[in-house]
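Tertiary structure, described
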Amino acid sequence: MTREWAVLQLLAWLTVAGCSNDDGADGDADADADSDADSDSDADSDSDADADADAPRFESATSRVLVSERGSGSGDEYEGWVQVQLLAEAAPAYHDEVLREGDCRMLAWEPAFCDPWCEDGAICVAENTCVPWPDVLAAGTITITGLDREVVLEPDPEGRYWYDDPDIGGIFEEGAAVVVEAEGSAELPAFTIEATGVAPLVHHFEDNFEPLPEGELTITWDRADVAGSRVRTRLITDWGHGTPPVLVECDSADDGELVVPASMVAELRDPENWSCGDCLSSSIERYTRAEDADLDIELVVSHQAYIYLAPAR
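Let me sum up the structure you'll find in this document. Computed from a predicted model, the values in this text were never measured in an experiment.

What follows concerns the overall build of the chain. Scanning the chain for helices and strands turns up three helices and 17 strands. Burial status across the chain gives 52% buried among its 313 residues. Sequence separation of at least 24 residues holds for 69% of the intrachain contacts in the chain that already meet a minimum separation of 6.

The biggest cluster of nonpolar side chains holds 30 residues, and the ones touching the most others in it are Val-67, Leu-86, Ile-142 and Ile-144. Of all the elements in the fold, those that place two or more residues in this core are β1 (63–71), β2 (79–85), β7 (142–145), β8 (151–153), β9 (161–163), β10 (177–182), β11 (191–196) and β17 (297–307). Not counting residues within four places of it along the chain, the set of residues in contact with Ile-144 comprises Val-65, Val-67, Val-82, Arg-149, Glu-150, Val-151, Val-178, Val-179 and Val-180.

Right, let's talk about the sheet that holds strand β14 (residues 246–253) for a bit. Taken in spatial order, the nine strands line up as β3-β4-β14-β13-β16-β17-β1-β2-β9 in an open sheet, and their pairing is mixed. In this open sheet, the two strands that pair with only one neighbour each are β3 (96–101) and β9. The sheet shows a mean angle of 20° between the axes of neighbouring strands, taken without regard to direction. Bridging between β3 and strand β4 (residues 104–108) involves five bridges; their strand directions are antiparallel. Among the inter-strand pairings, Arg-100 is bridged to a residue of β4, identified as Arg-105.

Right, let's get into the pattern of salt bridges. Pairing of side chains with opposite charge becomes possible as their charged atoms draw close. Across all of its chains, the model carries 14 salt bridges by this definition. Arg-105 is paired through a salt bridge with Glu-249; the nearest N and O atoms lie 3.1 Å apart. Placement of the pair is Arg-105 in strand β4 and Glu-249 in strand β14, with a sequence separation of 144 residues. Like Arg-105, the residue Glu-249 is buried in the burial classification. Arg-289 serves as the salt-bridge partner of Glu-291, at 3.0 Å between the closest nitrogen and oxygen. Arg-289 shares its class with Glu-291; the two are buried.

We now examine the sheet that holds β10. Read from one edge of the open sheet, four strands run β8-β7-β10-β11, paired in antiparallel fashion. Either end of the sheet is taken by a strand with one partner, and the two such strands are β8 and β11. Averaged over all pairs of adjacent strands, the angle between strand axes in this sheet comes to 15°, irrespective of strand direction. Across six bridges, β10 lies against β11 in antiparallel orientation. Bridged to Val-180 within β11 is Ile-193.

Rules used in this analysis
Residues numbered from 1 in each chain as written. Predicted model: local features only at pLDDT ≥ 70, side-chain atom pairs only at ≥ 80, totals over all residues. Heavy atoms only, no water. Helix = DSSP H or I, 4+ residues; strand = E, 2+ residues; numbered from the N terminus. Buried < 20%, exposed > 50% of the residue type's maximum accessible area, 1.4 Å probe, protein only. Contact = heavy atoms within 4.5 Å. Core = buried A, V, L, I, M, F, W, Y, C linked by side-chain atoms within 4.5 Å. Pairing = 2+ DSSP bridges. Axes fitted to C-alpha atoms, helices over the stretch in contact; angles between N-to-C directions. Salt bridge = Lys/Arg side-chain N within 4 Å of Asp/Glu carboxyl O.

Now the structure itself:
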């Protein structure tokens, strides 16, 4: 995977990770919704095992290690990669949540103009409102085991980690214990997080670049038996390589089916929310997640497939 592609993937995550939510300003409900998604055994501080295991989990930790592979949605594995993003605080939001229903929520982005333009990595989130990008942290050497090869990452001078291997193929086996160990640094203590390798995703979404149907949209896939695995979709309208004006995110137990509400499908179909077409793709992803709650760092192990949407004609 090239560094350019890694950047695009990271921006896709941050678009979602920075989104607002309606669970309250203190964030307690967010933490509760996420904590029982863990499949780890590292005795972290998660304690709400009685939370609703089937509730959608939209919020992300401030920092993330992503171990992922991609297939076509037919169960194959043809690309794998590792991303590490360790931040001093949560990234600023590009989108606002405007609707939540069932397993899905809809997010919207309004173009904004800042004069003078934002500098030093800040982003323009509203008219003449620049928000600085958080400091990037380093945690020393990071070693990832449980894959089909050992991955050892060192931070670059700016504290970023990269793992580029265009021939990597599938990166983990179903049920594998994927362990991330960071030696720690003056900026961030040592940590160890473990999650489980998921089964390759087989879905039944037929797109062929055809417009979405009117009404509800039902997405189905073959269920898997890995404990704690979930499935999420990220459905976007497309303005070229820019920020999607409409994003619908759904998160479900790995039970084989989720339903996107008709109100959200209508926005995804609307030609006013589109420009050139499929520059950035929608996706379906099976994942497991574990967290070091004290450090607000998560490990996500996933298998994803791209899907292709088109506006109504």
